[in-house]
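Working through the structure, step by step
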Amino acid sequence: MPVAQPARRALRDVVFVEGVRSPFGKARPDGLYAETRADDLAVAVLRGLLDRIPALPHDRIDEVAIAATTQRGDQGLTLGRSVAVLAGLPRTVPGFAIDRMCAGAMTAVTTTASAIATGMQDVTVAGGVEHMGHHPMGFDADPNPRFVADRLVDGDALVMGATAETLHDRYPHLTKERTDAYGAESQRRYAAALAAGRVEPDLVPVAIRSAELGWGLATADELPRPGTTIEGMRDLKTPFRPGGRVTAGNASPLTDGSTMCLLAAGDTAAELGLPVRMRLVSFAYAGVDPEVMGLGPIPATERALRTAGLTIDDIGLFEINEAFAIQVLAFTDHFGLADDDPRVNPDGGAIAVGHPLASSGVRLMTQLARHFEAHPEVRYGLTTMCVGLGMGGTVVWENPHHADYSGHVPAATEGTDR
């Protein structure tokens, strides 16, 4: 008797339905979220996400994947499941935690997107939370001494700022003057976006409390430094090397924050009448020497473009995480883009707004989705970031507002307000 064979499934389109984030706060004792638990911050953002998608029955969510780099204390206990329960999702909705350092939320997206593409799931929540005020980068970590003793990596490879200084050594033409100029431009672009009303739509207000002021509401980012000038950055301290080139002016600040997004299969979005902000085209992760971890986005992007059958010339918008300005300039220099290319981080980036580690990947995606709406002439964009210990991640997206969009657009997408 012949053995029955399971049916083969064709890959399905995966679409980005909606993305939101908390206002980002300073990771210090007087910061916005100093007295807010990390999991409560994630709960507030997840609820804010779901409030924006009233057409979605919550029992249709198949997975909640939430990333954090330091998974302990109020950032531990299987965040995806615990945050889902705390947010009031049906108990039938499972969840898990994920860690790829800075690319945690990006990996939450690509992991659950893979399940959607293969037909294992239909709708997923992906995001991240990082409370660096409660859990400083590397806190309580115990790197294996063999990393250095066996010369697997240089000691500086475990200090992200030191790896940025090493990039300056490798590319002396990417000078401190250029990175300072980039940092000032990031601040200027963010300030312009804020004034034009392009930042607030991404934000979910978060209830906060302090012993001095009582209860309040976080509604705006705390970290930007409007009016930053190159002259004002010239004499900033170089904490990673005496006489170095990496300063607080050309690097992202320590940040508390959370991000969430909803992904769905294209046919499920059509069934439920969900808006479509972007379609996932391809993604890739790549490794590089840990000493120059900032180069990770270069091979990751080359691999993602190759998988998609595209070239860098096909990309009309870039959202690059600004862990350090030198890392962004290494990427743009490699691909022949100008330091001030208007397609790169049009509304500024992490140098201005902050970088809550594992959360940042979804911030990039949410901003790209907003840019797509404003630029229907752009068909493809990408989100990319470097990752500690020598990695990079890139996701290529397609704009559903472009005339040649290859996916199905539900009627709800047309005219949908954010």
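Note that the structure is a prediction, hence the values are computed from the model and not measured.

1. Here we look at the UniProt feature "domain: Thiolase N-terminal" (unreviewed entry) in the protein chain
Per the UniProt entry, the sites bearing "domain: Thiolase N-terminal" (unreviewed entry) are residues 14-265 in this numbering. Annotated as residues 14-265, this span is 30% helix and 19% strand, and its ends, taken at the C-alpha atoms, are 5 Å apart.

2. Let's talk about the layout of surface pockets
In this structure, the largest pocket occupies an estimated 890 Å³ of space. A volume near 280 Å³ is recorded for the second largest pocket. If you go around the second largest pocket, you meet 17 residues; those closest to its centre are Asp30, Gly31, Arg209, Ser210 and Leu213. If you list the elements that add at least two residues to the lining of the second largest pocket, you get strand S6 (206-210) and strand S7 (214-218). The residue inventory of the lining of the second largest pocket, partitioned by class, reads eight nonpolar, four polar and five charged.

3. Description of the pairing of strand S12 (residues 391-398)
The buried count for S12 comes to seven of eight residues, which makes it a mostly enclosed element. As defined by bridge partners, strand S9 (residues 278-287) adjoins S12 across eight bridges and the pair is classed as antiparallel. Considered in S12, the bridge of Leu280 is made with Trp397. When strand S11 (residues 380-387) meets S12, the two strands line up antiparallel, connected through eight bridges. Its bridge partner lying in S12, Tyr380 is registered against Glu398. Linkage of S11 to S12, two consecutive antiparallel strands, is achieved through a turn of three residues, within which Leu389 is found at a positive phi near 70°.

4. Here we look at unusual backbone geometry
The backbone of Thr78 shows a phi angle near 45°, a positive value even though the residue is not glycine. Within the element layout of this structure, Thr78 appears in the loop between strand S3 (63-67) and helix H2 (79-86). Even without being glycine, Leu389 reaches a positive phi, approximately 70°. Along the chain, Leu389 falls in the loop between S11 and S12. When its relative accessible area of 40% is taken as the criterion, Leu389 is described as partly exposed.

Rules of the game
- Residues numbered from 1 in each chain as written.
- Predicted model: local features only at pLDDT ≥ 70, side-chain atom pairs only at ≥ 80, totals over all residues.
- Heavy atoms only, no water.
- UniProt positions renumbered as here; feature names shortened; annotations may be inferred.
- Helix = DSSP H or I, 4+ residues; strand = E, 2+ residues; numbered from the N terminus.
- 1 Å grid on protein atoms, 1.4 Å probe; cavity = no way out; pocket = protein on both sides within 12 Å on 5 of 7 lines; lining within 4 Å.
- Points joined across faces, edges and corners; volume = space filled by probe spheres on them.
- Nonpolar A, V, L, I, M, F, W, Y, C, P; charged D, E, K, R; others polar.
- Buried < 20%, exposed > 50% of the residue type's maximum accessible area, 1.4 Å probe, protein only.
- Pairing = 2+ DSSP bridges.

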